[in-house]
Amino acid sequence: MIKKVLSVIILAGVMLTSFTACGNSVKIDDPVTVNDVHMSSSNVARGFIQSVFSKDETLFYACYPEGLYDEIIEEGNDPFAEYTNTTDPNYKFYGTQYTAYNDYTEENGYDEDIMRENIAFFHDLDESLIAEINIVKLRVYFIEDTDYVSSDVYLITYKYENSWYVYELQNADAEFEA
């Protein structure tokens, strides 16, 4: 739960500090649906961000393995509300644009084994079935008055039993090159 709270804080910080003005038109990717959210690391990352800012609870929980939050919700906690309550109502969500991803491997400077252990532990999964881990970089667009503003976000995603899921938001200083 602490990791989730930290992710919320990171998201709020990113949203408050890294907006940039854009031109009059931007190209966004097609919206993600529950049916295609698990097809790729970019889809699940975009689906997560889309769900938070469009307040789509069904899509939000589809970004995680089935049943992951059942016990937490039964205890009276609401992870979806924790994320959506951090959004700024002055910015209207416009969409996402996939930028790139890095494989979360030793070759790229990451400790894949530790991350795999963390994902398995916190998401209650069989570590040996986590096939890939990526850091996905997205540009998130909003409309403020008549202008577009954007922010880059980074999410750790993983492939488990042929489906992609979100693990957590990553700090913006992830040393990600794209």
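Please read these numbers as outputs of a predicted model, since none were measured by experiment. (Residues numbered from 1 in each chain as written. Predicted model: local features only at pLDDT ≥ 70, side-chain atom pairs only at ≥ 80, totals over all residues. Heavy atoms only, no water.)

1. Here's the deal with the overall build of the chain
When helices and strands are counted, the chain shows six helices and five strands. Of the regular secondary structure in the chain, the N- to C-terminal order runs α-β-α-α-α-α-β-α-β-β-β. A burial count over the chain gives 46% of its 178 residues as buried. As displayed, the chain offers around 9,400 Å² of accessible surface, 46% of which is attributable to carbon and sulfur atoms. (Helix = DSSP H or I, 4+ residues; strand = E, 2+ residues; numbered from the N terminus. Buried < 20%, exposed > 50% of the residue type's maximum accessible area, 1.4 Å probe, protein only. Areas by Shrake-Rupley, 256 points an atom, 1.4 Å probe, with all protein chains shown as cover.)

2. Digging into unusual backbone geometry
Positive phi, close to 50°, is recorded for Asp 124, a residue that is not glycine. By the secondary structure assignment, Asp 124 is in the loop between α6 (112–122) and β3 (130–144). Phi at Glu 161 is positive, roughly 50°, even though this residue is not glycine. Mapped onto the secondary structure, Glu 161 falls in the loop between β4 (147–160) and β5 (163–170). What makes Glu 161 exposed here is its relative accessible area of 52%.

3. Section: helix α2 (residues 41–54)
In an α-helix, one turn spans 3.6 residues; hence positions three or four apart end up facing the same way. Look at α2: 20 Å from first C-alpha to last across 14 residues, which is about the 20 Å you get at 1.5 Å a residue. For α2, the buried fraction is high: 13 of the 14 residues fall into the buried class. Phi turns positive, to about 55°, at Lys 55, one or two residues after α2. (Expected span 1.5 Å × (residues − 1).)

4. A look at a negative patch on the surface
A surface patch of like charges, here negative, comprises Asp 103, Glu 106, Glu 107, Asp 111, Asp 113, Glu 117, Asp 126, Glu 127, Glu 132 and Glu 161. Mapped onto the elements, Asp 111 comes out in the loop between β2 (92–103) and α6. A relative accessible area of 40% places Asp 111 in the partly exposed class. (Patch = residues over 30% accessible without salt bridge, like charges linked within 9 Å, V, L, I, M, F, W, Y side chains within 5 Å. Salt bridge = Lys/Arg side-chain N within 4 Å of Asp/Glu carboxyl O. Lys, Arg positive; Asp, Glu negative; His and termini not counted. Charge placed at Lys NZ, Arg CZ, Asp CG, Glu CD.)

5. A short note on the pattern of salt bridges
According to the stated counting rule, one finds four salt bridges in the structure shown. Salt-bridge contacts for Asp 152 lead to Lys 137; the nearest nitrogen and oxygen are separated by 3.9 Å. Taken as a pair, Asp 152 in strand β4 and Lys 137 in strand β3 lie far apart in primary sequence, 15 residues in all. Here the salt bridges do not stand alone but share partners, grouping Lys 137, Arg 139 and Asp 152 into one network.

6. Focus on the environment of Arg 116
Note that Arg 116 resides in helix α6. Looking at Arg 116, the relative accessible area reads 12%, which means it is buried. Note: C-alpha distance between Arg 116 and Asp 126 (ten residues apart in sequence) is 9.6 Å. For Arg 116, the contacting residues outside a window of four places in its chain are Glu 127, Ile 130, Ala 131, Glu 132 and Ile 133. (Contact = heavy atoms within 4.5 Å.)

7. Here's the deal with α6
All of the buried residues along α6 are Glu 112, Met 115, Arg 116, Ile 119 and Ala 120. Down the axis of α6, the sector holding all buried residues measures 135°, keeping them to one side. Between a side-chain oxygen at the N-terminus of α6 and the backbone nitrogen of Asp 113 the separation is 3.3 Å; the capping residue is Asp 111. (Arc of directions from axis to C-beta. Polar contact = N/O pair within 3.5 Å; in protein donor to acceptor, adjacent residues only side chain to side chain.)

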